[in-house]
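# Breakdown of the fold
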Amino acid sequence: MNHCPAIRLTVVVHKDLADEVQKVFTNLRVPYFSHELGRYPILKRNHIFLLNLYSSAQLYNLPVVIFQVLTDKKSEDFLFNQIIEAADLTVPGHGSIYTEEISIFCPIAENLIYKNPIKTKPLGFTGLTGIFCIIQRGAADTMSHYILENGVAVPTITYGVGRGLRDRLGLLRITIPKEKEIVKLIVHSSDAEHALDFIIEAGKLDLPGKGFIFEYPIKRGLINTKISLDGPKQAASMEQVISALDHLYGNIDWRRQFTNFRKGARKRSYFEGVNIHLNAKEGSVEKVLMKLSKLGISGATISQDRLIKLDEENSLYNPARDSANLLIPKRMLNEVISELETLDFFTKETEGIAYTMEIPRAFSYQSKLGRKN
């Protein structure tokens with residue numbers, strides 16, 4: 001199968017700024033990009049004094065659009081900077097942007113990648129870690145409230161439908177809701193272990209059918225710092241002060257001392273492996289996942305997005321897409337890719353694309369029998 005390395009650039013912006021990002025893609029003739037809808041949870045204090053005595057900040061949701069585009073390493077900084085400027089992402093509340101190193105498996109992998117010879121000085125910061133988590137519907141708000149109150153990150157939440165263990169439980173599957181929430185957050189790398197541990201406990205991910213979580217390396221990012229809707233009582237808001245200090249120091253290392261995540265949490269049985277992100281024509285991914293189960297691969301959540309080519313008449317892909325993330329041992333990668341070829345995942349009928357990334361630390365429920373094996 002034809003494959004190549006690439007940079008995946010993710011932009012999360014308030015829906016009112018989505019047109020500005022799309023204009024960048026149009027002007028630069030980006031070959032393909034995907035987008036999906038999501039939400040930013042954000043805090044807002046109750047202004048009725050007596051109510052504040054008995055309750056903490058309320059959680060509100062802001063609608064966001066999540067864009068993903070592929071580029072090569074030489075073009076990464078140029079595209080990164082163009083989007084920051086267009087959406088003014090240095091302003092707290094406008095959104096986040098970050099990049100990851102991935103591999104693309106697809107018959108036309110090279111055609112999906114944006115290339116531009118213009119070189120620019122990179123913006124954004126290093127020292128970041130991404131956390132991807134799938135939990136049961138309704139659990140994300142409690143988790144987000146704690147994360148925001150501690151100023152660790154601003155989560156992005158989308159939705160999906162789970163399959164895997166639930167499908168094998170027969171009538172017992174009614175005890176496990178199929179609706180899932182997909183939570184992504186970018187944290188300082190030194191906070192990653194504590195954030196993982198908290199989310200595992202809050203989401204009860206050590207129980208069967210509750211979901212899974214993994215961390216992944218971020219190459220560079222500029223992250224939204226606005227965690228509250230409350231207006232500033234001074235000339236500048238706290239989020240603006242934080243943003244100014246980030247740029248003054250040239251990194252976000254100074255923020256580490258302020259995390260309130262507790263230390264000394266129980267030791268977890270983390271495992272490493274490869275994340276395979278499957279993306280294919282709507283209605284195709286579930287059939288492929290069912291057939292992959294014979295390799296012992298299960299437990300995936302399917303979500304929807306759109307793959308856009310601005311010149312739609314010449315697009316090789318149907319825009320309506322299904323996506324799913326699988327965690328597998330690294331030794332199984334070639335076997336799984338070969339099996340996907342056998343299942344015609346990469347043909348014109350399915351229009352499949354597989355994105356892979358090595359994962360240093362992941363966690364999900366593991367039965368005692370599975371651990372012995």
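Note that the structure is a prediction, hence the values are computed from the model and not measured.

Looking only at helices and strands, the protein features nine helices and 13 strands. Considering only contacts in the protein between residues 6 or more positions apart, those separated by 24 or more positions represent 83%. Surface accessibility of the protein: about 18600 Å² in total, with carbon and sulfur atoms responsible for 52%.

This part covers the packing of aromatic side chains. One pass over the structure, following the stated rule, counts 11 aromatic pairs. Centre to centre, the rings of F25 and F33 are 4.7 Å apart; their planes meet at 35°, and the pair counts as tilted. The pair F25 / F33 is uniform in exposure class, with both members buried. Residues F25 and F67 carry aromatic rings whose centres are separated by 5.8 Å and whose planes lie at 75° to one another, so their mutual orientation is edge-to-face. Linking F25 in helix α1 (residues 18–28) with F67 in strand β3 (residues 58–71), this pair joins segments that are 42 residues apart in sequence. Its relative accessible area of 1% is what places F67 among the buried residues. An aromatic cluster of at least three residues, connected via ring pairs, comprises F132, F212, F214 and Y216.

Among the secondary structure elements, E351 is positioned in the loop between α8 (333–342) and β13 (353–364). Separated by 2.8 Å, the side chain of E351 and the backbone nitrogen of N318 make a polar contact. Leaving out residues up to four positions away in the same chain, E351 has contacts with N279, A280, K281, L316, Y317, N318, R321 and F345.

This structure, assessed with the given rule, holds zero disulfides. With no disulfide partner, C106 has as its closest neighbouring cysteine sulfur the one in C4, 8.7 Å distant. Under the relative-accessibility criterion, C106 is labelled buried at 0%.

Let's shift gears to helix α7 (residues 285–292). Looking only at α7, the buried set comprises V285, V288, L289 and L292. Projected down its long axis, α7 carries its buried residues within an arc of 100°, all on one side.

Positioned with a positive phi, R29 is a non-glycine residue whose angle comes to about 55°. If you trace the backbone, R29 turns up in the loop between α1 and β2 (33–44). One non-glycine residue, D344, adopts positive backbone phi at about 60°. Within the fold, D344 resides in the loop between α8 and β13.

Below, the discussion takes up the pattern of salt bridges. A full pass over the atoms with the stated rule returns 11 salt bridges. Linking E101 and K73 is a salt bridge whose minimum nitrogen-to-oxygen distance equals 4.0 Å. Here E101, found in strand β4 (residues 95–105), pairs with K73, found in helix α3 (residues 73–87); they are 28 residues apart in sequence, far enough to count as distant. A relative accessible area of 43% means that E101 is categorised as partly exposed.

As a further point, take the environment of Q304. Examined against the element boundaries, Q304 turns out to sit in strand β11 (residues 300–308). Note: C-alpha distance between Q304 and G283 (21 residues apart in sequence) is 9.9 Å. The contacts of Q304, once residues within four sequence positions are left out, are E36, E282, R321 and D322. Reaching out from Q304, the side chain makes a polar contact with the side chain of D322 at a distance of 3.0 Å.

Attention now goes to the nonpolar core. Counting 55 residues, the largest nonpolar core has I83 and I104 as its most contacted members. Looking at this core, the element that brings in the most residues is α3, giving six residues. Sequence-distant contacts of I83, defined by excluding residues within four places in its chain, comprise L9, V11, V21, V24, F25, D88, L89 and I97. One finds F105, L292, I328 and F346 within the second-largest nonpolar core, a separate group that totals 24 residues.

Before going further, it helps to spend a moment on the pairing of β3. On a regular strand, one side chain projects to one face of the sheet and the next to the other, so that they alternate. As defined by bridge partners, strand β1 (residues 3–14) adjoins β3 across eight bridges and the pair is classed as antiparallel. Bridge pairing links V11 to F67 in β3. Sheet topology places β2 next to β3; 12 bridges connect them, and they run antiparallel. Its bridge partner lying in β3, L43 is registered against L59.

Inspection of the secondary structure assignment puts V336 in helix α8. V336 gets classed as buried once you look at its relative accessible area, which sits at 1%. Spatially, the C-alpha atom of V336 lies 9.4 Å from that of I276, the residues being 60 residues apart in sequence. Among all residues touching V336, those that are not within four sequence positions of it are I276, L295, I297 and I328.

Conventions and cut-offs
Residues numbered from 1 in each chain as written. Predicted model: local features only at pLDDT ≥ 70, side-chain atom pairs only at ≥ 80, totals over all residues. Heavy atoms only, no water. Helix = DSSP H or I, 4+ residues; strand = E, 2+ residues; numbered from the N terminus. Contact = heavy atoms within 4.5 Å. Areas by Shrake-Rupley, 256 points an atom, 1.4 Å probe, with all protein chains shown as cover. Phe/Tyr/Trp six-rings, centres within 6.5 Å; stacked < 30°, edge-to-face > 60°. Buried < 20%, exposed > 50% of the residue type's maximum accessible area, 1.4 Å probe, protein only. Polar contact = N/O pair within 3.5 Å; in protein donor to acceptor, adjacent residues only side chain to side chain. Disulfide = S-S within 2.5 Å. Arc of directions from axis to C-beta. Salt bridge = Lys/Arg side-chain N within 4 Å of Asp/Glu carboxyl O. Core = buried A, V, L, I, M, F, W, Y, C linked by side-chain atoms within 4.5 Å. Pairing = 2+ DSSP bridges.

It is worth stressing that arrangement in space is one thing and function is another; only the former is reported here.
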